[in-house]
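If you want the building blocks of each chain, they are given just below.
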Amino acid sequence: MRKTIVFYFIFQSFFLHSQIRCASDHYMSSLFQINNLYKNSQRNVNKEIVQWTSNNNQKESINIITIPVVVHVIWEDNTDENISDMQILSQIEILNKDFRRTNIDVINTPSVWNSIAADCEIEFCLASVDPYGNATSGINRVKTSVSTFNLIGDKMKSTNEGGTDPWPINDYLNIWVCDLSGGILGYATSPSNFLSSGDGVVVSYKHFGDNGTVEPPYHKGRTTTHEVGHYLGLKHLWGDSNCGDDQINDTPTQQGENNDCPGFPHNQNSCGTQNLNGDMFMNYMDYVNDFCMNMFTQDQKTRMVASINLYRNNFLTQTICNSSTSIINSTNKQNKKLIRIIDILGRKQSYEKKNTINLYIFDDGTVEKKIKIN
Ligand SMILES: [Zn+2]
């Protein structure tokens, strides 16, 4: 019996530590090895962003950028991988709150960084139009016979390999949600003048949204917030090396990743410089637990907006977010109860606004998209 218990704890411990918070750096390195064009275009990114930023005064910008999202749910029979619409919508809502700084845990940002914590003025919607011009829910469900996926081979991004091909990468943020092997929570591609054919974000179905199949401590949708940060050009705070450079001026230099949820201040003066505030571990681009993260900075916002203008500029003029209405996954179940009405950006609506597209969420996990006309 004792042996069993000891083995159980060793196994549990191995399992917990075998989780990989983010595999983006590893993934990008593997892409560079097979594609010189990608590698060379990434080398110019920092220079191009500095140039763009010096030519464009961010403070004058008042436009909100809205990014159309398609969520590809890749699921195998007899599993819980086919996550509900409600779980998917919760992730869109979290992205909008985190990128607009309307998340309730902003109160946990240390006061020393309140003045640089950013409303990034970037929003996300589930696409209303598919690549063929048809109405869509922005959710693409694909049944597969592949039990787990890995970043090697990227099979979730290929219809021929048990996943699904991306929707046009210049027009949509493609997010694949699937069973990732090796304890990987997620990974993303970074933007440059050359976008890879698998451009987008991959997230484990166990860490997408904040309900349904999510598992703590990564159960508040921050894996996707972090990966979309990479997708929009952000690096980890430690620049992926010991006291490295993340190309962001207003984040302190830090030695390496932080895990769990440290107390503030943490790791003061760790990189041989005077740094009484220590690491900005609560930044979305660190590795702490989901409930411990709560901010992007102004300079991170600038880099993301620059990246969109330089490399993802179809998002600046898109009409995919609001050009039609359709019913999502409507069932004939009579006794389902309406539990919440939200707008297409995931914001809760206290009453039914007329002539506006709203999403009606029911207690059985279904969602209907409706527009009420006068
Ligand atoms: Zn990362």
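Residues numbered from 1 in each chain as written. Predicted model: local features only at pLDDT ≥ 70, side-chain atom pairs only at ≥ 80, totals over all residues.

**Quick word on the overall build of the protein**
Then, number 1: Assigned secondary structure in the protein consists of seven helices and nine strands.
Then, number 2: Each of the 374 residues in the protein was classed as buried or not, and the buried ones make up 42%.
Then, number 3: The contacts of the protein with a sequence gap of at least 6 include a subset with a gap of at least 24, amounting to 67%. (Helix = DSSP H or I, 4+ residues; strand = E, 2+ residues; numbered from the N terminus. Buried ≥ 20, exposed ≤ 12 C-beta atoms within 10 Å, placed from the backbone. Contact = placed C-beta atoms within 7 Å.)

**Focus: the pairing of strand 2 (residues 122-126)**
Then, number 1: Where burial is concerned, most of strand 2 is hidden: four out of the five residues are buried.
Then, number 2: Relative to strand 2, strand 1 (residues 65-76) runs parallel, the two being bridged by five bridges. Across the sheet, the residue bridging to I67 is F124, located in strand 2. (Pairing = 2+ DSSP bridges.)

**Some remarks on helix 2 (residues 24-34)**
Then, number 1: Considered for burial, the residues of helix 2 that qualify are S24, Y27 and M28. Buried residues in helix 2, looked at end-on, bunch into an arc of 95°, giving them a common side. In helix 2, those exposed residues whose orientation departs by more than 90 degrees from the buried face are S29 and Q33.
Then, number 2: Summarising the contacts, the buried residues of helix 2 are in contact with strand 5 (186-188) and helix 6 (222-231). (Arc of directions from axis to C-beta.)

**Digging into the confidence of the model for the protein**
As a general rule, the predicted coordinates of low-pLDDT regions are not to be interpreted in detail.
Then, number 1: Of all residues in the protein, 86% attain a pLDDT of 70 or more, and the chain-wide mean is 89.
Then, number 2: Counted against residues more than four places away or in other chains, residues 1-16, with its pLDDT under 50, gives zero contacts.
Then, number 3: This stretch, residues 324-333, has a pLDDT under 50; its non-local contacts, to residues over four places away or in other chains, come to 25 contacts. (pLDDT = per-residue confidence, 0-100.)

**With respect to the packing of helix 5 (residues 85-100) against helix 6**
Then, number 1: Look at helix 5 against helix 6: their axes get within 9 Å of each other, and the N-to-C directions meet at 60°. Our classification of the angle between helix 5 and helix 6 gives oblique. The two elements helix 5 and helix 6 meet at a crossing, and its hand is right-handed. Seen from helix 5, the contacting residues are Q91, I94, L95 and D98; seen from helix 6, they are T224, T225 and V228.
Then, number 2: Here the contact of helix 5 with helix 6 is built from residues that sort into three nonpolar, three polar and one charged. (Axes fitted to C-alpha atoms, helices over the stretch in contact; angles between N-to-C directions. Parallel < 35°, antiparallel > 145°, perpendicular 65-115°, else oblique. Left-handed = near helix turned anticlockwise from the far one by under 90°. Nonpolar A, V, L, I, M, F, W, Y, C, P; charged D, E, K, R; others polar.)

**Considering the nonpolar core**
Then, number 1: The biggest cluster of nonpolar side chains holds 78 residues, and the ones touching the most others in it are V69, V71, I175, V177, C178, Y187 and V201.
Then, number 2: Look past the residues within four positions of V69 in its chain and what remains in contact with it is I92, F124, C125, L126, A127, G138, Y172, L173 and I175. (Core = buried A, V, L, I, M, F, W, Y, C linked by C-beta atoms within 7 Å.)

**Considerations on the environment of I248**
Then, number 1: By the secondary structure assignment, I248 is in the loop between helix 6 and helix 7 (298-311).
Then, number 2: The class for I248 is buried, based on 22 C-beta atoms found within 10 Å.
Then, number 3: Remark: the alpha-carbon pair of I248 and Q298, spanning 50 residues in sequence, is separated by 9.3 Å.
Then, number 4: Apart from the residues lying within four places of it in its own chain, the contact partners of I248 are T297, D299, Q300 and R303.

**Overview of the pairing of strand 4 (residues 173-178)**
Then, number 1: Burial within strand 4 is extensive, with six of its six residues counted as buried.
Then, number 2: In this sheet, strand 4 lies alongside strand 1 in parallel orientation, the contact comprising five bridges. Each residue of the ladder has a partner; that of V71, found in strand 4, is I175.
Then, number 3: Examined bridge by bridge, strand 4 and strand 6 (residues 201-204) share four bridges and lie parallel to one another.

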